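# Structural overview for review
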Amino acid sequence: MSWKELIEILAVFVLSALKFGLVGVPTAVFAKWSIFKVLTVTISGGLFGTVLFTFLSEALILSYKTIKKKIAGADQKIKKKFTFTNKLIVKAKHRFGLLGIAILGPSVLSIPLGVFLAVRYFKDKKKIMTYFFVSIIFWAITLYFFYHNLYHLFF
């Protein structure tokens, strides 16, 4: 394995951890990799990103709450603002739940954003990671065939 190939694999791994469906999988397919290599590298990157951002999101949320309490004062209760955006998020949470976030996270949104929303609104990390793992495997296979056929259609 050459350095060039190793750097390509690492780049696709990182892209899959960050922007799975829109960048990671297409990059691997358009690089003309085998199905095994595409699925192995992109799924590994997606799973790594899910685990990493699950714990980072939790730490970020806890830090935000701690800072917010210090600013507001220890004895004051923090009053929640219920804006239009918050109403929209609550409606989506109740309508689609964790499954909806897990399905949209890797494909349409991004793994960091999807995982952050899941950790923010659902507390069971094992369940979050399980849903995202299944979603990532599903989307990797589905998007591989989509982009593979798209590539052969135009090139």
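Residues numbered from 1 in each chain as written. Predicted model: local features only at pLDDT ≥ 70, side-chain atom pairs only at ≥ 80, totals over all residues. Heavy atoms only, no water.

The next subject is a nonpolar patch on the surface. On the surface, Ile-35, Phe-36, Ile-137, Ile-141 and Phe-145 cluster together to form a nonpolar patch covering roughly 470 Å² of accessible area. Broken down by secondary-structure element, the contributors of at least two residues to the nonpolar patch are helix H3 (35-72) and helix H6 (125-154). With 3 residues, the single largest contributor to the nonpolar patch is H6. Here Phe-145 lies in helix H6. (Patch = residues over 30% accessible without salt bridge, like charges linked within 9 Å, V, L, I, M, F, W, Y side chains within 5 Å. Areas by Shrake-Rupley, 256 points an atom, 1.4 Å probe, with all protein chains shown as cover. Salt bridge = Lys/Arg side-chain N within 4 Å of Asp/Glu carboxyl O. Helix = DSSP H or I, 4+ residues; strand = E, 2+ residues; numbered from the N terminus.)

What follows is about the nonpolar core. Soluble globular proteins tend to bury their nonpolar side chains together. Ranked by internal contacts, the top residues of the largest apolar core, which has 28 residues, are Phe-20, Ile-128 and Phe-132. Contributing elements (two or more residues each) for this core: helix H2 (20-30), H3, helix H4 (84-107), helix H5 (111-121) and H6. In terms of residue count, H6 provides more of this core than any other element does, 8 residues in total. Here Phe-132 is in contact with Thr-50, Ile-101, Ala-102, Gly-105, Pro-106, Gly-114, Val-115 and Ala-118, once residues within four sequence places are set aside. (Core = buried A, V, L, I, M, F, W, Y, C linked by side-chain atoms within 4.5 Å. Buried < 20%, exposed > 50% of the residue type's maximum accessible area, 1.4 Å probe, protein only. Contact = heavy atoms within 4.5 Å.)

All of the buried residues in H5 are Ile-111, Gly-114, Val-115, Ala-118 and Val-119. Taken around the axis of H5, the buried residues stretch over an arc of 130 degrees, which confines them to a single face. Check the buried side of H5 and you find it contacts helix H1 (3-18), H2, H3, H4 and H6. The N-capping residue of H5, defined by a side-chain oxygen 3.3 Å from the backbone nitrogen of Leu-113, is Ser-110. (Arc of directions from axis to C-beta. Polar contact = N/O pair within 3.5 Å; in protein donor to acceptor, adjacent residues only side chain to side chain.)

Glancing now at a positive patch on the surface. A cluster of basic residues, Lys-65, Lys-68, Lys-69, Lys-80, Lys-81, Arg-120 and Lys-123, forms a positive patch at the surface. Here the positive patch gets 3 residues from one element, more than from any other, and that element is H3. Counting through the fold element by element, Arg-120 comes out in helix H5. For Arg-120, a relative accessible area of 36% puts it in the partly exposed group. (Lys, Arg positive; Asp, Glu negative; His and termini not counted. Charge placed at Lys NZ, Arg CZ, Asp CG, Glu CD.)

Counting across every chain of the model gives 6 aromatic pairs. On the basis of an interplanar angle of 40 degrees and a centroid distance of 5.5 Å, the ring pair of Phe-13 and Phe-48 is categorised as tilted. In this pair, Phe-13 is assigned in helix H1 and Phe-48 in helix H3, connecting sequence segments 35 residues apart. By relative accessible area, which is 23% here, Phe-13 ends up partly exposed. (Phe/Tyr/Trp six-rings, centres within 6.5 Å; stacked < 30°, edge-to-face > 60°.)

Okay, the pattern of salt bridges next. By the definition in use, this model includes 3 salt bridges. One salt bridge in this structure joins Lys-37 and Glu-5, with 2.8 Å as the shortest N-O distance. Here Glu-5 lies in helix H1 and Lys-37 lies in helix H3, a separation of 32 residues in the sequence. By relative accessible area, Glu-5 is classed as partly exposed at 29%.

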